[in-house]
Every structure is written in C-alpha cells, then in structure tokens.
Amino acid sequence: MSVIAAGGHDGPLARERTIKIRNTKTGELIATLKGHTRIVGCLAWTNDGKTLISGSLDHSIRTWNTKTWKQTALLEAHTFVVHAIAISPNDRILASASFDNTVLLWNLDNGQLISSPLQHSDFVYCVSFSTDGKLLATGCGDRNVYTWDSMASPTAKPKETLAMTPHQKFKGHTKAVRGVIHLPGGQRTITCSVDGSLRVWNLKSGKQIGEDWRDGESQVYCIALSPDGKKVVSGSEDGGVRLWDIDKCKVIVKWMGHTQSVCSICWSRDGRRVLSGSEDGTARQWDMESGETILEPIKTGHSDVWAVVYSPDMSMIATGGRDGPWTRTDEPIECSIKIWNTKTDELVAILKGHTQTMGCLAWTEDGQTLISGSDDKSIRTWNTKTWKQTALLEAHTYWVWAIAISPNDRILASASYDQTALLWNLDNGQPIGPPLRHAHCVNSISFSEDGKLLTTGCQDTNTYAWDVAAIVKGASVTRSPVQQCPPTHQIPQGFFDGVPPDRSHVCHHYQFGYVFLTFVFPVLRTKASPLISTARQHVS
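These numbers were taken from a predicted model, which means no experiment stands behind them.

Caption draft 1: Quick look at the packing of aromatic side chains. As enumerated under the stated definition, the model contains 18 aromatic pairs in all. On the basis of an interplanar angle of 80 degrees and a centroid distance of 6.4 Å, the ring pair of tryptophan 363 and tryptophan 387 is categorised as edge-to-face. Pair noted here: tryptophan 363 is in strand E33 (residues 358-363) and tryptophan 387 is in the loop between strand E35 (378-383) and strand E36 (389-394), with a separation of 24 residues, a long-range link. Taking the centre distance of 5.1 Å and the plane angle of 35 degrees together, the rings of tryptophan 399 and tyrosine 417 count as tilted.

What follows is the structure, encoded as structure tokens:
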C-alpha cells in the first residue's frame with residue numbers, strides 16, 4: 001500500500017492519457033506512465049505487485065513494470081472500449097470486458113489470447129473471477145449477469161438469448177472484405193477486399209470460383225452490380241473506377257478523375273450511368289458509352305464523400321459523408337445528407353440529424369424512403385417528398401457501416417463495427433430476430449435476389465452467408481406507420497439531476513454504464529476489484 005495508481009482524462013487538449021503513480025502517505029507524484037491515447041478507464045495490480053495493468057478507451061490493454069515504470073506489453077484484440085479488467089487469483093490470467101460485446105481471456109505470461117471471445121448481446125461493463133479462479137462472472141448491458149464455467153461457456157444463459165450461425169463461410173481474402181454482391185441465378189456471389197482483389201464464390205460449397213480478379217495492387221473499397229447482371233463496377237484507393245466483365249473476369253475499362261480514394265459506387269437503373277463518391281469531396285457521374293463524366297464533378301461540400309446513391313427514377317442523387325475536418329477529440333459534428341438534381345447538379349435539399357460521419361445510403365424501390373447509416377450508431381429514415389426524418393433506429397453500439405434493403409422493401413439489414421448485422425422491420429422500425437454475430441467488424445451486407453439469403457463481409461477477411469428465410473417469414477410485418485424505435489434501457493427521470501452538462505453525444509451511453517457498475521458489479525465482486533471510472537468522450 002505504498003503507492004496509488006490513478007488514470008482517467010488528462011484534459012480535452014491532451015494528446016496522451018496518462019497513469020499517475022503517487023506516494024500513499026505524502027501524495028507525491030512518483031511516475032507518469034504514457035502510452036494510452038484515450039481515457040484510461042480501468043486499472044489492476046498483480047498480487048505480487050510487480051505488474052500494473054491498464055485498459056483504455058483506445059481499445060488497448062497495457063502492462064507496466066512497477067520497478068522501472070516502463071511498458072512491458074501491449075495487448076490488442078478488442079474493437080471498442082475496454083471498460084473493465086480482472087486478474088485471476090494466481091496472477092496468470094487476465095480477463096477484459098469491452099463495449100465490443102465480448103470478454104477476452106489473456107495469458108499474462110506471453111500476452112496471448114486464451115480461447116475464443118465470450119460473446120454477449122450488449123456492452124460488457126464488469127468482470128470478476130471467483131476466489132478459486134474457475135468461474136468468471138460478467139455484468140452486461142442487457143440487464144443480465146453471466147457466469148462462465150471453465151472459461152468456455154456460460155452456465156447461466158437467459159432463455160431469450162438466441163444464437164444464429166452462418167449458413168456458409170467463404171475464406172480466401174487476406175485482408176478485410178469491403179463489398180459483397182449476389183449474382184443473378186442465386187448460385188454465386190462476388191466480394192472485394194482491401195487486399196486488392198475481387199473474388200467469385202460458389203454459394204453452396206463456399207469455394208472460390210476461378211482465380212482472383214486483379215488490376216494492379218490498389219485496395220478495392222466498393223463494388224456494384226449492373227442492372228443486367230453482366231458487369232461489375234468497383235472503386236479503389238487509387239481514385240480509379242473500374243468496369244469488369246463477369247464472364248471474362250477482367251477489367252474492360254478504367255476511369256480516372258478522382259484525386260483520392262473512391263469509397264462508394266452506384267449504377268443508374270437503366271445501366272447507362274455510374275455514380276461514384278470519393279474522399280476528394282466530389283461525386284461524379286460517368287457515361288457508360290463514352291467513359292466521360294456527365295456535367296462537372298459535383299463539389300458536394302462534404303470533406304469526404306462516403307456514400308452515393310441514385311433515386312429509383314434517376315431524377316436525384318443522394319450524397320453523404322463528413323462535413324468537417326477530422327479531430328482528435330472526435331466531438332459530435334453535424335454530418336448532412338445532400339440531395340442533388342441529376343440533370344443539373346443543383347442542390348435540392350439538405351437533411352440534418354446525424355452527428356458523425358454518414359457512411360451508407362439506400363433508397364427503397366418505391367422511391368418514397370431514403371435510409372442512412374452513420375458512425376453515430378444510428379439509422380435514420382427520410383420521407384423523400386418532405387425530406388423530413390420519419391424514424392430513428394437505434395440498437396447498434398458502434399458505427400453503422402453498411403445497409404441493404406430486401407427485394408420486397410420490407411426488411412432492412414445493417415452491418416456494424418459492433419461485430420453484428422441486424423435485421424429490421426421497415427414497417428415499424430423494430431429489430432427482427434437475434435443479432436448475426438461475427439468475430440470482427442462487419443463491413444458490407446447484401447440480400448440475395450429472393451431475399452432469403454443474407455451475405456456479410458467481415459474485417460476478419462471472411463465472407464458469411466446467413467439463411468434468414470425463417471426470421472423474415474416469422475416477422476410480424478404489418479403496414480402500420482413507421483415508428484421511432486424506443487430506447488432499450490430507460491434511465492429513471494431525474495437520475496442525473498445535478499450532473500454537469502456534457503457536450504459529448506455518447507454521454508448517456510457511459511452514464512448508463514455507471515448504473516450497471518453500481519447495481520451489477522457489487523454482486524459479482526469476489527475479491528478486491530480494480531479501479532473503474534466512467535467516461536464521457538466519444539471513441540473512434
């Protein structure tokens with residue numbers, strides 16, 4: 001008890017988040033440990049006193065030698081906030097709880113992971129070992145407490161918790177899969193990856209068909225299928241838009257014009273035009289016959305254009321992205337959707353509501369609804385006559401990266417960096433069925449022609465096919481008005497009275513975390529627990 005370790009927020013302008021070591025008796029500062037780039041939210045000391053361990057909002061865990069006060073290891077596997085840590089009684093195993101909905105177990109001798117992640121249905125706020133180290137208890141944002149026997153499977157599992165496994169897995173890409181589309185006939189799918197390739201897969205066997213499609217080494221960020229199903233267009237890191245012939249498996253033509261990466265691509269319904277959006281802040285329409293841009297590039301006013309889409313009647317274009325510069329603090333910033341006249345490039349409307357980068361757009365087939373997904377974790381629907389927001393869909397716990405609408409316009413699928421894909425009933429704005437869980441961030445999503453199969457592209461380099469026919473069939477789909485999705489958890493009125501206002505748009509998420517640390521964690525504690533602090537800053 002000679003020293004105290006403290007970590008937290010070092011101020012809005014601080015580039016580093018430190019841990020400070022002080023003398024218990026005098027309060028004198030002994031050492032300042034630097035390394036974390038965001039708030040240090042949890043600390044734990046090994047029983048022998050030789051190692052201090054820290055977890056942070058920067059997604060990392062770090063170990064520190066308490067004689068030299070030097071960092072000895074960096075443990076990285078979580079994809080979101082590390083909110084709590086616990087050390088086994090024998091000092092050999094570390095358990096970490098994260099807002100990526102998992103708990104991970106680490107071998108402290110070599111810093112390697114032990115077993116697969118312990119998956120939860122919501123944020124994991126707290127974790128604790130039993131006194132003999134054989135049982136692990138976790139407290140979750142779904143209002144449940146779980147115990148894990150032999151560090152492998154939960155011994156207490158709520159009946160309403162369902163699991164769904166992929167129908168097929170497509171393994172071959174060497175880096176993250178960023179795009180996936182189904183080919184006509186229901187037998188094949190095409191994927192693109194930041195490994196620079198496009199690949200064709202047999203949906204039934206999961207095997208790759210033929211060789212990789214490549215044109216140089218540039219990373220491929222997006223793909224779209226032509227209306228006639230014979231061609232694919234792709235957007236790449238080098239700013240190129242490439243047209244591929246599916247039968248010949250090669251590039252027909254390459255269009256250059258963007259000065260930075262092409263992040264989004266879309267065909268017009270008649271197949272005569274291709275629309276591209278780029279990090280250079282512009283959107284371009286390409287004529288299929290001439291290969292030239294139609295009119296001048298649209299200077300959107302977005303600093304980055306991450307999403308573009310034609311309206312079904314091709315009279316309008318919707319663009320979305322980020323409307324301001326990237327900042328270290330990543331404070332909320334208004335990120336708009338802009339609507340443009342296709343023939344004149346005139347700005348028609350500006351849709352406001354999202355508070356972080358707007359990364360995906362989709363238009364329903366009837367043209368009456370535009371849907372957007374954002375890094376602010378939300379999905380919003382917009383009436384295309386009034387350009388007013390009609391619904392707010394909230395269930396994801398991290399960036400919404402991609403969305404897809406079923407062929408019948410009734411079901412929305414969303415892919416998120418919270419490692420899940422969700423299905424939504426577009427008639428009432430409610431989620432359908434259990435989350436489709438992945439081992440890593442989900443980058444892309446696509447329905448088959450009949451809407452019975454859903455394919456997802458994952459950061460783990462794999463593509464997965466999910467049989468969603470039963471979920472869709474079992475959904476209660478009625479033609480009632482779309483309603484705003486209610487919050488999953490209600491905080492009592494007045495609970496936070498007297499708390500100073502905070503400008504962070506995710507303040508409530510972390511305040512809610514404090515509720516669970518107050519009521520769940522004491523139940524779990526079997527020994528002295530590590531320091532845990534609530535956080536009030538958006539994490540990127």
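Let's pick the thread back up.
Caption draft 2: The arrangement of the nonpolar core in detail. Core analysis: the biggest nonpolar cluster contains 23 residues, and Ala318, Ile337, Ile339, Leu351, Leu361 and Leu370 have the highest contact counts within it. Among the elements that make up this core, the one with the highest residue count is strand E29 (residues 304-310) (five residues). Once residues within four sequence positions are removed from consideration, isoleucine 339 is found in contact with Met316, Ile317, Ala318, Glu346, Leu347, Val348, Ala349, Leu351, Leu370 and Trp387. Among the nonpolar cores identified, the runner-up in size contains 18 residues, and Leu423, Ile432, Tyr464 and Val468 belong to it.

Caption draft 3: How the structure looks around the sheet that holds E29. In spatial order, the strands read E29-E30-E31-E32; together these four strands make up an open sheet with antiparallel pairing. At either margin of the open sheet sits one strand with a lone partner, and together these are E29 and strand E32 (347-351). Averaged over all pairs of adjacent strands, the angle between strand axes in this sheet comes to 20 degrees, irrespective of strand direction. Here five bridges tie strand E30 (residues 316-322) to strand E31 (residues 337-341), and the two strands are oriented antiparallel to one another. Across the sheet, alanine 318 pairs through a bridge with isoleucine 339, a residue of E31.

Caption draft 4: Highlighting the pattern of salt bridges. Applying the stated criterion across every chain, the model contains 12 salt bridges. Residues arginine 62 and aspartate 58 are paired through a salt bridge, measuring 3.9 Å at the closest nitrogen-oxygen approach. By the burial criterion, arginine 62 is buried, and aspartate 58 matches it. Linking aspartate 109 and arginine 92 is a salt bridge whose minimum nitrogen-to-oxygen distance equals 2.6 Å. Of this pair, aspartate 109 sits in the loop between strand E10 (102-107) and strand E11 (112-119) while arginine 92 sits in the loop between strand E8 (82-87) and strand E9 (93-98); the two residues are 17 residues apart in sequence, bridging distant segments of the chain. Its relative accessible area of 51% is what places aspartate 109 among the exposed residues. Among the charged side chains, a network of salt bridges with common partners joins Asp195, Arg199, Asp212 and Arg214.

Caption draft 5: Region of the structure containing the sheet that holds strand E41 (residues 442-447). In space, the four strands of this open sheet follow the order E16-E43-E42-E41, with antiparallel pairing throughout. At either margin of the open sheet sits one strand with a lone partner, and together these are strand E16 (168-171) and E41. On average, adjacent strands in this sheet sit at an angle of 20 degrees to one another, irrespective of strand direction. Summarising the sheet, E41 and strand E42 (residues 453-458) pair through five bridges and their orientation is antiparallel. Paired with isoleucine 445 across the two strands is threonine 456, which belongs to E42.

Caption draft 6: Fine view of the pairing of strand E23 (residues 241-245). Across the five residues that make up E23, a large majority, five, are buried. Of the two faces of E23, the one carrying Val241, Leu243 and Asp245 and the one carrying Arg242 and Trp244 are both buried. With five bridges connecting them, strand E22 (residues 231-236) and E23 associate as antiparallel partners. The residue of E23 that forms the bridge with serine 234 is arginine 242. Where E22 folds back on E23, the antiparallel hairpin that results is connected by four residues, among which glycine 239 adopts a positive phi of roughly 85 degrees. Where E23 folds back on strand E24 (residues 250-255), the antiparallel hairpin that results is connected by four residues, among which cysteine 249 adopts a positive phi of roughly 60 degrees.

So, how was this worked out
- Residues numbered from 1 in each chain as written.
- Predicted model: local features only at pLDDT ≥ 70, side-chain atom pairs only at ≥ 80, totals over all residues.
- Heavy atoms only, no water.
- Phe/Tyr/Trp six-rings, centres within 6.5 Å; stacked < 30°, edge-to-face > 60°.
- Helix = DSSP H or I, 4+ residues; strand = E, 2+ residues; numbered from the N terminus.
- Core = buried A, V, L, I, M, F, W, Y, C linked by side-chain atoms within 4.5 Å.
- Buried < 20%, exposed > 50% of the residue type's maximum accessible area, 1.4 Å probe, protein only.
- Contact = heavy atoms within 4.5 Å.
- Pairing = 2+ DSSP bridges.
- Axes fitted to C-alpha atoms, helices over the stretch in contact; angles between N-to-C directions.
- Salt bridge = Lys/Arg side-chain N within 4 Å of Asp/Glu carboxyl O.

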